[in-house]
Amino acid sequence: MTAASLGASRRTLPEYDETLVWVVLALLAIGLVMVYSASIATAEGSKFTGFRPSYYLMRHSLFVCIGIAAGVAAFRIPVQTWQKLAPYLFLLGVVLLALVLVPGIGRAVNGSRRWLSLFVFNMQPSELMKLFAVLYAADYTVRKGAVKHTFRKAFLPMFAVMALVGALLLLEPDLGALVVICVIALGILWLGGFNIKVFAGLLFALPAALAALVIVSPYRMQRVVGFMDPWSDPFGKGYQLSHALIAFGRGEWLGVGLGASVEKLFYLPEAHTDFLLAVIAEELGFAGVCAVIVLFAALLVRAFAIGRQAAFLDRQYAALTAQGIAVWLGVQAIINIGVNMGVLPTKGLTLPFLSFGGSGVVVNCLAVAVLLRIDWESRRMMRGLSI
């Protein structure tokens, strides 16, 4: 390529990743439609919602608007500022996780204490902690670059911090968020080039630790047993999974039609949150599920591409942050899809951008804003412009 053509390509390079923006908007739009479809019967029959069919739609629309507005504001923050704030944001996340456990401050729903009441709506600190974990782990990896092959100096401090976060999450309890945050931290350390011997040991230690958590907790053991054979107790331990599988079976190739789901009519629990994909499968069929998976695949491809471009420009923190966001959103989406399809035990994790949930939607939008900021700064550097 000649110098003239290279200069022309730099001048015609878009200001931001348009594909990423359209993919996220498509996911948010599908989420709005399907949350309304999945929740209309529940909202209409609940005294809590005032018997208003559009209750969850209006709240979800508000959360999406707040998320987009917060994302626009976050986009204006330079990546260097995010790096400086990373330790303090992580500390803030730990404080919020601790506040959840304080009687009178934390709010319990369905036996889990995961929310802080903000009067108008509830905030779930574990969702914020996922983003804070990405920012902190990326900063930690960059700071420990000189000693990244030393187990004591490189890995043990991160292990201690993650152990504290894990203890707080288990007290809620929220095993699903703990799994995602651990994968985020380990994924970023791996991408940052930490000693492979550490990860070889973790391949044996982590499954053993998860197995111990399941064995000592009766309700987690019941979930695993129900996952292994949901039809042995379809009205008890296997209730959620059996009805999710029925929804997938009814959908076949093209679905029964938008709004025509039977499982959402008080059969499938959490139809508009954890099991939204089952409603999508029933109403839009195999084609609808494939469309959602393709959109998530496109999102991950763009996120890793943004990280690779930042690494090419020697922006290590930005690269690890972009890749960490990709790991987070990808792992959470895979777990939720796996749970809905009966491939994984029930974890209580929502589907990013689609499921109802204010904290999740807003934090997902913030993560995309950080991704777009990383991409925008990289494109400015390629043009030779100041950031």
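Residues numbered from 1 in each chain as written. Predicted model: local features only at pLDDT ≥ 70, side-chain atom pairs only at ≥ 80, totals over all residues. Heavy atoms only, no water.

Undergrad: Sorry if this is basic, but what is going on with helix H5 (residues 125-143) here?
TA: Because the α-helix completes a turn every 3.6 residues, residues three or four places apart line up on one side. In this model, H5 (19 residues) spans 26 Å end to end at C-alpha, consistent with the 27 Å of a helix rising 1.5 Å per residue. Of all 19 residues that make up H5, 17 are buried, and the element is covered over most of its length. (Helix = DSSP H or I, 4+ residues; strand = E, 2+ residues; numbered from the N terminus. Expected span 1.5 Å × (residues − 1). Buried < 20%, exposed > 50% of the residue type's maximum accessible area, 1.4 Å probe, protein only.)

Undergrad: Sorry, what's going on with the pattern of salt bridges here?
TA: Pairs may arise between side chains of opposite charge once their charged atoms sit close together. Enumeration over the complete set of coordinates arrives at 9 salt bridges. Three or more residues are tied together by salt bridges with common partners; here these are Arg-315, Arg-373 and Glu-377. (Salt bridge = Lys/Arg side-chain N within 4 Å of Asp/Glu carboxyl O.)

Undergrad: Teacher, can you tell me more about the nonpolar core here?
TA: If you look at soluble globular proteins, the nonpolar side chains tend to sit buried side by side. Counting residues in hydrophobic clusters, the biggest one holds 107 residues, and the most contacted among them are Phe-296, Leu-299, Trp-328, Phe-353 and Leu-354. Considering each element in turn, this core owes the most residues, 15 residues, to helix H12 (residues 316-341). Dropping the residues within four chain positions of it, Phe-296 is found in contact with Leu-27, Ala-333, Leu-351, Pro-352, Phe-353 and Leu-354. (Core = buried A, V, L, I, M, F, W, Y, C linked by side-chain atoms within 4.5 Å. Contact = heavy atoms within 4.5 Å.)

Undergrad: Would you mind going over unusual backbone geometry with me for this structure?
TA: Peptide bonds are, in most cases, trans, and in most cases residues other than glycine have a negative phi. Residue Glu-172 is joined to Pro-173 through a cis peptide bond whose omega torsion reads -5 degrees. Phi angles above zero are rare outside glycine, and Phe-266 is one such case at about 70 degrees. With respect to the element layout, Phe-266 can be found in the loop between helix H10 (239-251) and helix H11 (276-312). Exposure remark for Phe-266: the relative accessible area of 55% places this residue in the exposed category. Backbone geometry at Phe-353 places phi at a positive 75 degrees, although glycine is not the residue there. Along the polypeptide, Phe-353 turns up in the loop between H12 and helix H13 (358-383).

Undergrad: Is there a simple way to explain the packing of helix H2 (residues 18-44) against H13 in this structure?
TA: One can describe the packing of H2 onto H13 by two numbers: an axis separation of 11 Å at closest approach and a directional angle of 170 degrees. Overall, the two elements H2 and H13 adopt an arrangement that is roughly antiparallel. Facing Leu-20, Val-21, Val-24 and Leu-28 of H2, the residues of H13 in contact are Val-361, Cys-365, Val-368, Leu-371 and Leu-372. In the contact of H2 with H13, the residues fall into 9 nonpolar, no polar and no charged. (Axes fitted to C-alpha atoms, helices over the stretch in contact; angles between N-to-C directions. Parallel < 35°, antiparallel > 145°, perpendicular 65-115°, else oblique. Nonpolar A, V, L, I, M, F, W, Y, C, P; charged D, E, K, R; others polar.)

Undergrad: Could you clarify how one ought to interpret a nonpolar patch on the surface in this entry?
TA: On the surface, Leu-91, Val-95, Leu-99, Val-102 and Ile-105 cluster together into a nonpolar patch covering about 380 Å² of accessible area. Structurally, Leu-99 can be placed in helix H4 (residues 79-100). The partly exposed category is assigned to Leu-99, whose relative accessible area is 30%. (Patch = residues over 30% accessible without salt bridge, like charges linked within 9 Å, V, L, I, M, F, W, Y side chains within 5 Å. Areas by Shrake-Rupley, 256 points an atom, 1.4 Å probe, with all protein chains shown as cover.)

Any functional reading would require information beyond the geometric quantities listed.
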